[in-house]
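# Architecture and fold: a report
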Amino acid sequence: MKGAFQTSRGIFENPIWNDIPKFRIFFYIYGNAVFSKEGTTVAGMHLKRGQFLRSYRNLRDDLAYVENRSVKQYSLSVIKRKVDSLVKENRLKIEETELGTLFTVINYEQYQGFEHYKNSNLERSENALGTGMERSENNNKNVNKDNNVKEKTTTTTAPENPVQLFEYLLCRLSPIQMNSLYQWVDDFKGNQEIVNAAIKLADNKNKRNFNFVEFLLKEWHSNNLMDIDRVRAYEREKFNNSKVKPFARKGKGVIRTEMLPDWFEEDAQQSKPKPSDQPAVNDGEQMSEFERLMELRKNSGS
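These notes cover the structure that comes with them. These numbers come from a predicted model, not from an experiment.

### Some thoughts on the pairing of strand 6 (residues 92–97)
The pairing of strand 6 with strand 7 (residues 100–105) spans six bridges and is antiparallel. Bridge pairing in strand 7 places I94 opposite F103. Following strand 6, the chain reverses through two residues before pairing antiparallel with strand 7.

### Observations concerning the pairing of strand 7
Of all six residues that make up strand 7, six are buried, and the element is covered over most of its length. When strand 3 (residues 51–54) meets strand 7, the two strands line up antiparallel, connected through four bridges. Its bridge partner being in strand 7, F52 is matched across the sheet by F103.

### Considerations on helix 12 (residues 210–222)
Residues lying three or four places apart along an α-helix face the same way, a consequence of the helix completing one turn every 3.6 residues. With 13 residues, helix 12 extends 18 Å from end C-alpha to end C-alpha; this agrees with the ideal 18 Å at 1.5 Å per step. Among the residues making up helix 12, those that are buried are F210, F212, V213, E214, L216, L217, E219 and W220. Against the buried residues of helix 12 lie helix 9 (162–169), helix 10 (175–187), helix 11 (192–204) and helix 13 (228–241). Capping of helix 12 at its N-terminal end is provided by N209; its side-chain oxygen lies 3.3 Å from the backbone amide nitrogen of N211. One or two residues past the end of helix 12 sits N224, with phi positive at roughly 60 degrees.

Rules of the game
Residue positions within a chain follow its written sequence, with the count starting from 1. Selection of residues for local features in this predicted model requires a pLDDT of at least 70, selection of side-chain atom pairs for listing and counting requires 80 or more, and totals for whole chains, interfaces and linings are taken over all residues. Hydrogens are left out, water is left out, and the side-chain values use all remaining heavy atoms of the structure. Two strands make a pair as long as DSSP finds a minimum of two bridges between them. Helix and strand assignments follow DSSP, with helices taken as H or I runs no shorter than four residues and strands as E runs no shorter than two, numbered in order from the N terminus. Residue exposure (1.4 Å probe, protein chains only): buried if accessible area is under 20% of the type maximum, exposed if over 50%, otherwise partly exposed. A helix's residues, less one, multiplied by 1.5 Å, set its expected span. Contact criterion: two residues are considered in contact whenever any of their non-hydrogen atoms come within 4.5 Å of each other. Polar contacts here mean pairs of N or O atoms no more than 3.5 Å apart (in protein, one a potential hydrogen donor and the other a potential acceptor; neighbouring residues in sequence count only if both atoms are side-chain atoms).

In structure tokens form, the structure reads like this:
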């Protein structure tokens, strides 16, 4: 499909921007939706303005990307899960047809209406990216007051979005690392609390890098820990098993307690010198025997 389409810069401040797979899916559907007010006909089916017809398998091929010189694709389950999330957020409507899935972009007119952009200020333009549910709530003054209170209270707490939490506690992420973090959420069946737990544990251990967080997630996933309670129990058991025997060491009147592994005592026993089987000989006894022999030899020669 050729041509151009417009969007608000407010998308960079919208939460969807931080969810790379979801953003790419939505932006691809939104960018390829029918722009003409009269609509168009595809394979004998009339599509209205803001609609896009595509199968999930074709979407998977369309959204393929290159990473480390190899072509990668989102799984069908990831695409369906993200689409379902967009539907719940009231950004999309879907309808299954014989030709594929019919995607309808909700509020498409507000995204693409030129008159809307001419007659609205920056705040209204950015609000065009909000969900339909948010707009209906904003019509209610009481709800607006509640939202203002929520915004004030949530700014002092750590974010729950894994990418935002990671950058809040640890360090900045690259786009590939952001995508990988969201993939881990999908691997844990959408349970982002587990991913957040790995980030918080890394912060607690002062391991401020992505590799440590991914190491924890790989370990938990390989042990099939799919809920936060099992993750916590696993980490507690790992901590208890890591405890070893303490021993006291004296030095300059100060006693230090250190951790002594079991193998240390075994090696110490093996390194002790073994006593000799031969009896010890006194140097004085050796010398007196020598003098006695010399005296006998002298007498015999005289």
